[in-house]
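The primary structure of each chain is shown beneath.
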Amino acid sequence: MSDKPHAPRPLEGVRVLELARILAGPWSGQLLADLGAEVIKVERPAEGDDTRHWGPPFLTDPAGGSLDAAYFHATNRGKRSIAIDIASLEGQAEVRALAARSDVVIENFKVGALAKYGLDHAGLSAVNPRIVTCSITGFGQTGPYASRAGYDFIVQAMGGAMSLTGEPDGAPQKAGVAYADIFTGLYATVAILAALRRRDQTGQGAHIDMALLDSQVGVLANQALNFMASGIAPNRMGNAHPNLVPYQSFRTADGDIIVAVGNDRQFAKFCAILGLDGLAMDERFRTNAGRVTNRAVLIPMLADATAIWTRATLAARLEAEGVPGGPINPLDAVFADPQVVARGMVIASPGPDGPLPGLASPIVIDGERQNANRAAPRLDADGAAIRRELEGGR
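Let me begin by describing the structure that accompanies this report. (Residues numbered from 1 in each chain as written. Predicted model: local features only at pLDDT ≥ 70, side-chain atom pairs only at ≥ 80, totals over all residues. Heavy atoms only, no water.)

What follows covers the overall build of the chain. When helices and strands are counted, the chain shows 16 helices and 15 strands. Its C-alpha atoms give the chain principal-axis dimensions of roughly 80 × 55 × 40 Å. Here the chain, with 394 residues, has 42% of them falling under the buried criterion. In the chain, the proportion of contacts linking residues at least 24 apart, taken out of those at least 6 apart, comes to 68%. Roughly 19,900 Å² of accessible area belongs to the chain as shown, and the carbon and sulfur atoms make up 58% of that amount. Taken together, the 37 basic and 42 acidic charged side chains of the chain have centroids lying 3 Å from each other. (Helix = DSSP H or I, 4+ residues; strand = E, 2+ residues; numbered from the N terminus. Buried < 20%, exposed > 50% of the residue type's maximum accessible area, 1.4 Å probe, protein only. Contact = heavy atoms within 4.5 Å. Areas by Shrake-Rupley, 256 points an atom, 1.4 Å probe, with all protein chains shown as cover. Lys, Arg positive; Asp, Glu negative; His and termini not counted. Charge placed at Lys NZ, Arg CZ, Asp CG, Glu CD.)

The structure is reproduced here in structure tokens:
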């Protein structure tokens, strides 16, 4: 065991009030908790966060009792829970009292919904001018769609991601994870940290306007610029890459493998492995630009050559020659992968019902992975303690 003293986590001393449910807002709250912030999650009495019920599967206690859906535990590690009816005057007073003692508020109510309770940024900044509020909605606080409810699936469709995902002759596909929500949660966290930094300089809080559609459009990245440069909307290409060739999956004798050639040197090595050295010198394929232009001619020749290899043998040769590649793993293989195991990406978070499984934060600072050492809370598990703290002026 290391004798190195435990370093304070970066956000220790920061208090976050989370008035959010489902995924984007709670994802941001969980990340802030992993980084050391105290996160108080305000939930509806009786029902709590919707995702507590999004199962099966459900986690269970040692006696077999339900500890809520696995989905809820995926995004609420490290938080404290208090049940408050914000539609009541008493509940609104409790939220204001919590906000007066907080640094950050994360909320994902419809535009204008909190204003009628006096719990929007204007209302909360009246009791705490230093408060940073982060509003997360489907379409933002302005624009013709501002009043619409927004969901990840809809936003992946409207924001172009589904038009780029799937086989060319197949139906548009959403990603297997709610990436519009998760990207919005990550961008929200970046914005919160930036607003806290600016508050250090000015003493003033801020209101952050985060939209799922903005985030989804914002991560179109090279595909957006491909369109802007050419005027042609990119189409679905399956596992192929619009700007690199070969950069896709190939069939082997016993399964598929990814080959991700990023430059001409790697292409020459790949051709040598396959016994196709002449292709690397062919003027049609010698440069990446040529390979992209002549993709339809090149790929069938490479595919015929990979088909006679076993996946493990080809993968080993790719690694030995420095050609990027790898298997397409199902999740059981992901969590058995020696690299994933060595990096500690599966954790057990302490909780009152015993340790509960979870995914580690990917953030490592000075050799220490930034995980909140606390499982997701039961509904209102901390309500009594938080109210005592309010009465005591903490």
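On strand β13 (residues 356–359), burial follows the alternation: Leu356 and Gly358 on one face are buried, whereas Pro357 and Leu359 on the facing-out side are not. Bridge count between strand β12 (residues 346–349) and β13: four bridges; the pairing is antiparallel. Bridge assignment links Val346 to a residue of β13, and that residue is Leu359. Linking two consecutive strands that pair antiparallel, namely β12 and β13, is a turn of six residues; a positive phi of about 105 degrees is found at Gly354 within it. (Pairing = 2+ DSSP bridges.)

Now for a nonpolar patch on the surface. Judged by side-chain polarity, Val177, Tyr179, Phe183, Leu186 and Tyr187 come together as a nonpolar surface patch covering roughly 420 Å² of accessible area. Along the chain, Tyr179 falls in helix α6 (residues 179–202). Judged by relative accessible area, Tyr179 falls into the partly exposed class, the value being 40%. (Patch = residues over 30% accessible without salt bridge, like charges linked within 9 Å, V, L, I, M, F, W, Y side chains within 5 Å. Salt bridge = Lys/Arg side-chain N within 4 Å of Asp/Glu carboxyl O.)

Okay, the sheet that holds strand β8 (residues 206–211) next. Hydrogen bonds between backbone atoms are what pair the strands of a sheet, whose relative direction is either parallel or antiparallel. Pairing is parallel in the open sheet, where six strands are placed in the order β5-β2-β1-β6-β7-β8. Looking at strand neighbours, the two that pair on one side only are β5 (79–83) and β8, the edges of this open sheet. Neighbour to neighbour, the strand axes of the sheet diverge by 20 degrees on average, direction disregarded. The pairing of strand β2 (residues 38–43) with β5 spans five bridges and is parallel. For Val39, the partnering residue across the bridge sits in β5 and is Lys79. Across the sheet, helix α3 (residues 89–100) lies against β1 (15–19), β2 and β6 (104–107), angled at about 150 degrees from β1, the strand it touches most. (Axes fitted to C-alpha atoms, helices over the stretch in contact; angles between N-to-C directions.)

Attention shifts here to the packing of helix α9 (residues 264–273) against helix α13 (residues 311–321). Taken N-terminus to C-terminus, the directions of α9 and α13 make an angle of 140 degrees; their axes are 10 Å apart at the nearest point. What the angle tells us is that α9 and α13 run oblique. The two elements α9 and α13 cross, and the hand of that crossing is right-handed. Contacts from Lys269, Phe270 and Ile273 in α9 reach Leu314, Arg317, Leu318 and Glu321 in α13. Here the contact of α9 with α13 is built from residues that sort into four nonpolar, no polar and three charged. (Parallel < 35°, antiparallel > 145°, perpendicular 65-115°, else oblique. Left-handed = near helix turned anticlockwise from the far one by under 90°. Nonpolar A, V, L, I, M, F, W, Y, C, P; charged D, E, K, R; others polar.)

Side chains that are three or four residues apart share a direction in an α-helix, a result of its 3.6 residues per turn. Its twelve residues give α3 an end-to-end C-alpha distance of 16 Å, which sits within 8% of 16 Å, the value for a rise of 1.5 Å per residue. Contacts made by the buried residues of α3 are with β1, β2, β6, α4 (121–127) and α16 (383–392). (Expected span 1.5 Å × (residues − 1).)

In spatial order, the strands read β9-β10-β11; together these three strands make up an open sheet with antiparallel pairing. Strand pairing shows two members of the sheet lacking a second neighbour, β9 (247–252) and β11 (325–327), which therefore form its edges. The average undirected angle you get between the axes of adjacent strands in this sheet is 30 degrees.

A few words now on the nonpolar core. Ranked by internal contacts, the top residues of the largest apolar core, which has 29 residues, are Val16, Ile106, Ile136 and Ile192. Considering each element in turn, this core owes the most residues, five residues, to α6. Each residue touching Val16, except ones within four places of it in the same chain, is listed here: Leu32, Ala37, Glu38, Val39, Ile40, Val104 and Ile106. Ranked by size, the runner-up nonpolar core spans 21 residues in total, among them Phe250, Phe270, Ala280 and Ala305. (Core = buried A, V, L, I, M, F, W, Y, C linked by side-chain atoms within 4.5 Å.)

It is worth spelling out the packing of aromatic side chains at this point. Here the structure, examined in full by the defined rule, presents four aromatic pairs. For the ring pair Trp54 and Tyr71, a centre distance of 5.0 Å and an interplane angle of 80 degrees mean the geometry is edge-to-face. A residue pair is termed long-range when its members are at least 10 positions apart, and Trp54 in the loop between β2 and β3 (58–60) and Tyr71 in helix α2 (residues 70–73) qualify at 17 residues. A relative accessible area of 28% places Tyr71 in the partly exposed class. Both rings, one in Tyr179 and one in Phe183, keep their centres 6.2 Å apart while their planes meet at 40 degrees; by these two values the pair is tilted. Here the residue Tyr179 and the residue Phe183 both occupy positions in helix α6, the gap between them amounting to four residues, near one helical turn. Exposure remark for Phe183: the relative accessible area of 33% places this residue in the partly exposed category. A cation over an aromatic ring shows up here: Arg148 above the ring of Tyr145, its NZ or CZ 3.8 Å from the ring centre. Residue placement shows Lys174 over the ring face of Phe153; its charged tip is 5.9 Å from the ring centre. (Phe/Tyr/Trp six-rings, centres within 6.5 Å; stacked < 30°, edge-to-face > 60°. Lys NZ or Arg CZ within 6 Å of the ring centre and 35° of its normal.)

By themselves, these figures tell us nothing about what the structure is for.
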